[in-house]
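# Structural overview
Residue-level listing of the chains:
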Amino acid sequence: MSTGVQKPSQPEIGKPTPLPPDDPGRDLLVVDPDSSDVPYISLGGNTYTMLVTGKQTNGAYCLIDMHVPAGGGPPLHRHNFEEMFTIVDGSVDFFFRDTTTTVSAGTTINVPANAPHHFRNNSGRTARMLCVCAPAGQDEYFLRCGDPVDSRTAPPPALSEDEIGARRQQALDLAPLYASELLPPDGK
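If you're wondering where the values come from, they're calculated on a predicted model, not measured in any experiment.

### Notes on the pairing of strand 3 (residues 62–68)
With seven of its seven residues buried, strand 3 lies for the most part within the structure. Neither face of strand 3 is open: one carries Cys62, Ile64, Met66 and Val68, the other Leu63, Asp65 and His67, and all of them are buried. As paired elements, strand 2 (residues 46–52) and strand 3 share five bridges and run antiparallel to each other. If you follow Met50 over to strand 3, its bridge partner there is Ile64.

The following block contains the structure:
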């Protein structure tokens, strides 16, 4: 099973590198976030739309449209890949190592690989972000951990406490397969 976390080869900066030939087997990708062709996943109360997957980029990156309700956001975690967020609507508090930064629409932030972080929507209304993970893999992780929903703005399914606990355990169990680690709230 591929986890999509392998790093694509990178050219050495400042050194001439021959370009590989065009791959005519790959097509231009045009994605409508409201299309029934894209997967919508509810995870921890947030709704994630997999706009561009690692399968579509040969593992180079994935692009996820995130709808985060008031109070929403993931637990403290870290992973061995870069993660970049552009806030499209609303504002979100990002917790990075020991600091908190509030970012609002139009702002882009990059979380370096392996740094403990999480975000929380404390704005009182739904926020929307675009998230790029490079290399890809986070898209597959979310697809395996989350619950399919009907649209990018669909509410999360009503889950029992047992179902919520099972989802948390599954996320913990799968995290190492996707170069990720869920951390205790105090980060230790």
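From this point, things continue past the structure.
### Some details on the packing of helix 1 (residues 138–145) against helix 2 (residues 161–174)
Closest axis-to-axis distance for the helix 1/helix 2 pair is 9 Å, and the angle between their directions is 150°. With respect to their mutual orientation, helix 1 and helix 2 come out roughly antiparallel. The handedness of the crossing between helix 1 and helix 2 is right-handed. Within the contact between the two elements, helix 1 uses Tyr141, Arg144 and Cys145 and helix 2 uses Arg167, Gln170, Ala171, Leu172 and Leu174. Across the contact of helix 1 with helix 2, the residue classes tally to five nonpolar, one polar and two charged.

### Focus: the packing of aromatic side chains
The description of an aromatic ring pair rests on the distance of the ring centres and on the angle between the ring planes. Inspection of every chain in the model, using the stated rule, returns six aromatic pairs. When the centroid spacing of 6.2 Å and the interplanar angle of 35° are considered together, the rings of Tyr141 and Phe142 count as tilted. A ring pair is formed by Tyr141 and Tyr178, whose centres lie 5.6 Å apart and whose planes are at 45°; its orientation type is tilted. With a gap of 37 residues between them, Tyr141 in helix 1 and Tyr178 in the loop between helix 2 and strand 12 (180–182) connect regions that are remote in the sequence. A single burial state applies to Tyr141 and to Tyr178, both of which are buried.

### Section: unusual backbone geometry
Note that the residue after Ala134, namely Pro135, is joined by a cis bond; omega there is -5°. Take Pro135: it is sitting in the loop between strand 10 (127–134) and helix 1. For Asn114, which is not a glycine, the phi torsion comes out positive at approximately 75°. With a phi angle near 55°, Ala179 is a residue other than glycine that sits in the positive phi range.

### Regarding the layout of surface pockets
Looking at the largest pocket, its volume works out to about 660 Å³. In terms of lining residues, the largest pocket is bounded by 32 residues, among which Leu43, Gly44, Pro75, Arg168 and Ala171 are the most central. Mapped onto the lining of the largest pocket, the elements with two or more residues apiece are strand 1 (40–43), strand 2, strand 4 (77–79), helix 1, helix 2 and strand 12. Looking at the lining of the largest pocket element by element, the count peaks at five residues for helix 2. Residues of the lining of the largest pocket, tallied by class, amount to 16 nonpolar, 10 polar and six charged.

### With respect to the state of the cysteines
Working definition: the covalent bond between the sulfur atoms of two cysteines is a disulfide. One pass over the structure, following the stated rule, counts zero disulfides. Counting only cysteine sulfurs, Cys131 is the nearest neighbor of Cys133, a cysteine outside any disulfide, at a range of 3.8 Å. Taking relative accessible area as the criterion, Cys133 reaches 0% and is therefore assigned buried.

### Details of the sheet that holds strand 2
Reading across from one edge, 8-5-10-3-2-1-11 is the order of the seven strands in this open sheet, with antiparallel pairing throughout. The outermost strands of the open sheet, each flanked by one partner alone, are strand 8 (108–111) and strand 11 (147–148). As defined by bridge partners, strand 1 adjoins strand 11 across two bridges and the pair is classed as antiparallel. Its bridge partner being in strand 11, Ile41 is matched across the sheet by Pro148. Sitting on the sheet, helix 1 is in contact with strand 1, strand 2, strand 3, strand 5 (82–89), strand 10 and strand 11, with an inclination near 50° to strand 3.

Analysis parameters
- Residues numbered from 1 in each chain as written.
- Predicted model: local features only at pLDDT ≥ 70, side-chain atom pairs only at ≥ 80, totals over all residues.
- Heavy atoms only, no water.
- Buried < 20%, exposed > 50% of the residue type's maximum accessible area, 1.4 Å probe, protein only.
- Helix = DSSP H or I, 4+ residues; strand = E, 2+ residues; numbered from the N terminus.
- Pairing = 2+ DSSP bridges.
- Axes fitted to C-alpha atoms, helices over the stretch in contact; angles between N-to-C directions.
- Parallel < 35°, antiparallel > 145°, perpendicular 65-115°, else oblique.
- Left-handed = near helix turned anticlockwise from the far one by under 90°.
- Contact = heavy atoms within 4.5 Å.
- Nonpolar A, V, L, I, M, F, W, Y, C, P; charged D, E, K, R; others polar.
- Phe/Tyr/Trp six-rings, centres within 6.5 Å; stacked < 30°, edge-to-face > 60°.
- 1 Å grid on protein atoms, 1.4 Å probe; cavity = no way out; pocket = protein on both sides within 12 Å on 5 of 7 lines; lining within 4 Å.
- Points joined across faces, edges and corners; volume = space filled by probe spheres on them.
- Disulfide = S-S within 2.5 Å.

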